[in-house]
Every structure is written in structure tokens, then in C-alpha cells.
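Each chain is listed here by its residues.
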Amino acid sequence: KNQVEQSPQSLIILEGKNCTLQCNYTVSPFSNLRWYKQDTGRGPVSLTIMTFSENTKSNGRYTATLDADTKQSSLHITASQLSDSASYICVVSVPLSFGAGTTVTVRA
Amino acid sequence: GAGVSQSPRYKVAKRGQDVALRCDPISGHVSLFWYQQALGQGPEFLTYFQNEAQLDKSGLPSDRFFAERPEGSVSTLKIQRTQQEDSAVYLCASSPLAVSSYEQYFGPGTRLTVT
């Protein structure tokens, strides 16, 4: 059973709107949690990395939150742009465990 | 500077053929990882090198899969007698430190299609 579950599996949003992606994990022990963005045909690119002591971290229009007690994380995208269309993957370590990703499609 | 590169970017193999996938990590990076990513899924860990030493190969799905990094830089993932279920994108990642929890930098992947 995958130890990192992401939801929704996919979503479509209109340009300029906000959206939130969810990541629940059961990986233990926990070292850090990362969100990656993967464009079609490309390798994943890191957006944020958080340790258990961090609750939130931002990277431009991307804001990640972490609740290590409930083992939940979210990635919030503000004012979405067409270039945000990609798969967003949650990764928890140690050991490295990847979620299946959420495919985001932004439409004009 | 240059990132992680992989070659070829696309490979079509007939069932039963052997294939070799190459990864050029970022210069000086100690750790190198191989992942297999099926369509619509997240990457699945295959194997991990620290310099030339293969410290973890627990993710290799069968003995048809073999990886090496003889000089601690370039790595090759070899798949013998390819099967259709081997069709996937194979991602390589490198990291400057010898701990798997540190940041990893991914290459673009090699898309393998076995017909």
C-alpha cells in the first residue's frame, strides 16, 4: 500500500483561480516532505521542502503547509497561470516515498 | 550550470531485447538514484549509489535489471530481455550529499516503450 496518498487525482481550474492539493502520509520515521512540479515529458522540479518543525513554506505563488501531527500536507497555488498545468508530486522521507501526483490543468 | 542529463530521451525496444539507459549526474554529486515512473504514477525507487558503491538496490523489480556507476559519476541502467511491463519513464536524480533525505535534482527521463 502506498504510504503517500494524494488528492484529488486531477483537477481543472480557470486561469487566475486558486487551488489546493492534498497529501496524506503514513511514512515513519519522518524527516522531510517535499512538493515537486513535473511538466509533461520532464523530470520533477522541487518547489518546497519542509522538515517536521516547519508549518508553512512559500515559493512564489506556491505555499505548502505541513501538519506533522496529523501527517497531512497541502500545496496551495494562488492566482493560477497556464504554466501551472503540470503534475504535482508529494514526496516524504525517510525513506523516500512518492505520491502518485495530482494533475492540474489550468484553462484560460 | 548543467543539470542532470539522460540519454536516450526515447527508446523503443522489441520484447526480449536488451537496453542500456545512461545518466550523467551533476558534476560532483555524491548520490545518484534511479526511479521507474509508470504512466500516471509517481516515481518508484529502483536503486541508489553513493559514489561508485551501490548501497541500495531493493527497488529493482527483477534480476533482469542491473545498474552500475563504476567511476562514481556516469551511471547506466541496463534491462535485459525487456518485457512489456518494463515500459515506463526511467528517471535519474543526483544529490550533492550522501543522505537520501537531501534535495535531489532530476533528469528529464528516458521513456522506454517495449513492443
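As a reminder, the structure under discussion sits directly above these lines.
Residues numbered from 1 in each chain as written. Chains lettered and ligands numbered in written order. Predicted model: local features only at pLDDT ≥ 70, side-chain atom pairs only at ≥ 80, totals over all residues. Heavy atoms only, no water.

## Quick notes on the interface of chain A and chain B
Here's step 1: Tallying the contact residues gives 18 residues for chain A and 17 residues for chain B.
Here's step 2: Across the chain A to chain B interface the summed buried area is about 1,300 Å²; carbon plus sulfur atoms make up 51%.
Here's step 3: Among the residues of chain A in contact with chain B, Pro44(A), Leu96(A) and Phe98(A) are the three that bury the most area, contributing 34% of the side total.
Here's step 4: Linking chain A with chain B are zero salt bridges, by the criterion used here.
Here's step 5: One can count five residue pairs in polar contact (both at pLDDT 80 or more) joining chain A with chain B.
Here's step 6: Where the side of chain A that touches chain B is concerned, the elements lending two or more residues are β4 (32-38), β5 (45-51) and β9 (86-93) of chain A.
Here's step 7: Considering each element in turn, the side of chain A that touches chain B owes the most residues, four residues, to β4(A).
Here's step 8: Its residues assigned to classes, the side of chain A that touches chain B shows eight nonpolar, eight polar and two charged. (Contact = heavy atoms within 4.5 Å. Buried area = accessible area lost by both parts, 1.4 Å probe. Salt bridge = Lys/Arg side-chain N within 4 Å of Asp/Glu carboxyl O. Polar contact = N/O pair within 3.5 Å; in protein donor to acceptor, adjacent residues only side chain to side chain. Helix = DSSP H or I, 4+ residues; strand = E, 2+ residues; numbered from the N terminus. Nonpolar A, V, L, I, M, F, W, Y, C, P; charged D, E, K, R; others polar.)

## What about the sheet that holds strand β1 (residues 4-7) of chain A?
Residue and element names in this part refer to chain A.
Here's step 1: Read from one edge to the other, the open sheet built from five strands follows the order β1-β3-β8-β7-β6, with strand pairing classed as antiparallel. Of all strands in the sheet, those bounded by a partner on one side alone are β1 and β6 (56-59). The average undirected angle you get between the axes of adjacent strands in this sheet is 15°.
Here's step 2: Direction of pairing for strand β7 (residues 62-67) relative to strand β8 (residues 72-77): antiparallel, over a ladder of six bridges. (Pairing = 2+ DSSP bridges. Axes fitted to C-alpha atoms, helices over the stretch in contact; angles between N-to-C directions.)

## A closer look at the side chain of Ser73(A)
Residue and element names in this part refer to chain A.
Here's step 1: Mapped onto the elements, Ser73 comes out in strand β8.
Here's step 2: One polar contact links the side chain of Ser73 to the main-chain carbonyl oxygen of Thr65, over a distance of 2.7 Å.
Here's step 3: In contact with Ser73, not counting residues within four places along its chain, are Leu21, Gln22, Cys23, Leu33, Trp35, Met50, Thr65 and Leu66.

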